[in-house]
Amino acid sequence: MSLFTAVFKKELRDSIRDRRAIMISLLPALIAPILMATMFHFMVQTRVSTNDMTVPIIGKENAPDLIQYLEKRDITFEDYQGNPKQDIQNKDIKIVMEIPADFEENFASSKPAIIYIHSDGSLDKSRADKNRLDGMNGQYSRTIGSMRMMIQGVSPQIATAVNINNKDYSTDESRAGQILAGLQMFILMAAFFGSAPTAIDLTAGERERNSLEPLLVHPLTSSSIMLGKWLTVVSYGVLATVIAIVVTAIAFEFVSLKAAGIDPKLTGAMQISMILLMIPNAMFAAGLQMLTSLFAKSFKEAQSYLGFLVFIPMLPVIITMIGGMKAESWMYFVPVLGQQQILTNIMRGEGMEIMQFISVSMVTIAVSVIILMVLTKLLRSERVVYGS
């Protein structure tokens, strides 16, 4: 045990000295959640029309009743005299509502009264404002239409053949989990990004510097050497994962998504559950990356291999997230995939099933131990040590 501890302390001390490599490995875990949270914030702000809405209008005096109806629904108007097409294409304004001079005449004679809404459908914010205006004008039109039918002695219900009542059983937590699903990728990948530089340096890097052979000369067993190296790599994977989870929680304390009807938060209990769930994932990532790097002939070659390796474990997760596959019991016996399923439940506020956690953790740890045993055996091979 003392030999293993000595190797671990030595490798950890050497890796800490390379501060630049540490910053590069931890930077994705620090920056990615902030970028994702900010992106969600601006997506909501541009795609959802808020309560405060000011619309430039042409011919406001041509439909006073309509204007009064819309103003009661938190839409204000300001007179506009410019060229709608030119100003919208120049992005000086987002939307313009135009009421023709013959609107009141057509309206009074029960003819269809036309309203023009000028906008740029390629802009999310313009499209959101247009949809809101369309909805409000549609409500006004249906209200007037129903009143006209009642005056003629006809029930307005005749014009409605089918009534649709949508029953949405989603909760705030489940909708928040849907938004946070995009962050699962970064949380799952944090261990791979965080441990990659150290995994390369302690295997292919040491062999390239000719420092691996002197280490083997010491009276240390291959298992002690490899266990110390592996635990060092695992430490950086766990650190990156913790940073990603904590930064995600902090980011959503400052970013508001209430305009979309949700307010996602990661409580302290949720963060602890996620960290415990991701520790076996960091062990698996460390073993897989060290195994790949040990077969590389150079440091640069190992970097190339790990660049592709980062995405291989994520393929089943991507398929599951895009395909909307229902969670099956066998998924909790597959490393990374099982963690992703439980991570989804935690982010949706549904908690973590103990048996599912135990299943995926034990399988992931078992696979990691098998990889560690293979690494130990490879360390006794001259071909691997000398890179020939």
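Every chain's residues receive numbers from 1 upward, in the order its sequence appears when written. Selection of residues for local features in this predicted model requires a pLDDT of at least 70, selection of side-chain atom pairs for listing and counting requires 80 or more, and totals for whole chains, interfaces and linings are taken over all residues. Each side-chain value is derived from all of the structure's non-hydrogen atoms; neither hydrogens nor water enter the calculation.

### Structural notes on the overall build of the protein chain
Next up, step 1: Helical segments are the DSSP runs of H or I of at least four residues, strand segments are the runs of E of at least two, and each set is numbered from the N terminus. The helix and strand inventory of the protein chain stands at 15 helices and four strands.
Next up, step 2: Within the protein chain, the proportion of its 388 residues that are buried is 41%.
Next up, step 3: Contacts are assigned to residue pairs that have any heavy atoms within 4.5 Å of one another. Summarising the internal contacts of the protein chain: among those between residues at least 6 apart in sequence, 73% fall at separations of at least 24.
Next up, step 4: In these tables, accessible area is a Shrake-Rupley quantity obtained with a 1.4 Å probe, and a residue counts as shielded only by the protein chains included in the view. Total accessible area on the protein chain stands at roughly 21,100 Å², and carbon and sulfur atoms take up 61% of it. The rule is simple: take the accessible area with a 1.4 Å probe, protein chains only, and divide by the maximum for that residue type; under 20% is buried, over 50% is exposed, in between is partly exposed.

### As for helix α14 (residues 354–378)
Next up, step 1: With 25 residues, α14 should reach 36 Å at 1.5 Å per residue; the first-to-last C-alpha distance of 36 Å fits that figure.
Next up, step 2: Of all the residues in α14, the buried ones are F357, S359, V360, S361, T364, S368, I371, L372, L375, T376 and L378. Between the first and last residue of a helix there are one fewer steps than residues, each counted as 1.5 Å, and that sum is the expected span.

### Overview of the sheet that holds strand β4 (residues 116–119)
Strand-to-strand pairing in sheets goes through backbone hydrogen bonds, with the strands running parallel or antiparallel.
Next up, step 1: Pairing in this open sheet of four strands is mixed, and the strands run β2-β1-β3-β4 from one edge to the other. In this open sheet, the two edge strands, each paired with only one partner strand, are β2 (75–79) and β4. The average undirected angle you get between the axes of adjacent strands in this sheet is 35 degrees.
Next up, step 2: Across two bridges, strand β1 (residues 53–58) lies against strand β3 (residues 95–98) in parallel orientation. Note that in β3 the partner of I58 across the bridge is E98. We call two strands paired when DSSP finds no fewer than two bridges between them. Helix axes use the C-alpha atoms of the stretch in contact, all axes being lines fitted to C-alpha atoms, and the angles between their N-to-C directions lie in the range 0 to 180 degrees.

### Here we look at the packing of helix α9 (residues 222–254) against helix α10 (residues 268–295)
Next up, step 1: Two numbers describe how α9 lies on α10: the axes approach to 8 Å, and their chain directions differ by 140 degrees. Taken together, the axis directions place α9 and α10 in an arrangement best described as oblique. In this structure, α9 crosses over α10, and the sense of that crossing is right-handed. Taken together, the residues of α10 that come into contact with α9 (itself represented by M226, K229, W230, V233, V234, G237, V238, T241, V242, I245, V246 and A249) are Q271, M274, I275, M278, A282, M283, A286, G287 and M290.
Next up, step 2: When its residues are assigned to classes, the contact of α9 with α10 shows 16 nonpolar, four polar and one charged. For classification purposes, an angle smaller than 35 degrees is called roughly parallel, one larger than 145 roughly antiparallel, one from 65 to 115 roughly perpendicular, and anything else oblique. Two helices cross in a left-handed way if the nearer one is turned anticlockwise from the farther one by less than a right angle. They cross in a right-handed way if the turn is clockwise. Charged residues are taken to be Asp, Glu, Lys and Arg, nonpolar residues to be Ala, Val, Leu, Ile, Met, Phe, Trp, Tyr, Cys and Pro, and polar residues to be all remaining types, Gly included.

### Section: unusual backbone geometry
Next up, step 1: If you check the backbone angles, S110 has positive phi at about 60 degrees while not being a glycine.
Next up, step 2: Structurally, S110 can be placed in the loop between α5 (103–108) and β4.
Next up, step 3: Not every positive phi belongs to a glycine, and V336 is a case in point at roughly 75 degrees.
Next up, step 4: Here V336 shows up in the loop between α12 (315–323) and α13 (337–347).

### What to know about a nonpolar patch on the surface
Next up, step 1: Patches here: salt-bridge-free residues with over 30% relative accessible area, like charges joined within 9 Å, nonpolar side chains (Val, Leu, Ile, Met, Phe, Trp, Tyr) joined within 5 Å. Think of a salt bridge as a Lys or Arg side-chain nitrogen and an Asp or Glu carboxyl oxygen that are within 4 Å of each other. Where nonpolar side chains cluster on the molecular surface, the patch consists of M23, L27, L30, I31 and L35 and spans about 440 Å² of accessible area.
Next up, step 2: Among the structural elements, M23 can be located in helix α2 (residues 19–47).

### Side note on the side chain of S195
Next up, step 1: Locating S195 in the fold gives a position in helix α7 (residues 172–208).
Next up, step 2: Take S195: its relative accessible area is 0%, and that puts it in the buried class.
Next up, step 3: Each residue touching S195, except ones within four places of it in the same chain, is listed here: V233, Y236, G237, A285, A286 and Q289.

### Topic: the environment of T241
Next up, step 1: Considering the arrangement of structural elements, one finds T241 in helix α9.
Next up, step 2: Between the C-alpha atoms of T241 and F192, which are 49 residues apart in sequence, the distance is 9.1 Å.
Next up, step 3: If sequence neighbours within four positions are ignored, T241 has contacts with I187, A190, A191 and M278.

### Concerning the pairing of β3
Next up, step 1: By the bridge criterion, four bridges tie β3 to β4 in an arrangement that is antiparallel. Looking at the pairing, M97 lines up with I117 of β4.

### A look at the packing of aromatic side chains
Next up, step 1: When the centres of two rings from Phe, Tyr and Trp lie within 6.5 Å, Trp using its six-membered ring, the rings pair. Their planes under 30 degrees apart give stacked, over 60 give edge-to-face, and anything left gives tilted. Using the criterion set out here, one finds three aromatic pairs in the structure.
Next up, step 2: Considering the side-chain rings of F107 and Y140, the 6.3 Å spacing of their centres and the 20 degrees angle between planes classify their relative orientation as stacked. With F107 in helix α5 and Y140 in helix α6 (residues 124–151), this pair connects stretches of sequence that are 33 residues apart.
Next up, step 3: An aromatic cluster is defined as three or more aromatic residues linked by ring pairs; in this entry it consists of Y69, F103, F107 and Y140.
Next up, step 4: Positioned above the aromatic ring of Y69, the side-chain terminus of R73 is 3.7 Å from the ring centre. In this scheme, Lys NZ or Arg CZ marks a charge over a ring once it lies within 6 Å of the ring centre and within 35 degrees of the ring normal.

### Concerning the pairing of β2
Next up, step 1: Where β1 and β2 come together, five bridges link them in parallel fashion. Along β2, the bridge assignment pairs T54 with T76.
Next up, step 2: For a crossover, the right-handed case is the one in which the path from the first strand over the helix to the second runs clockwise, viewed with the strands pointing away from the viewer. Handedness of the crossover joining β1 and β2 through helix α3 (residues 64–71): right-handed.

So yeah, pure geometry; function would need other evidence.
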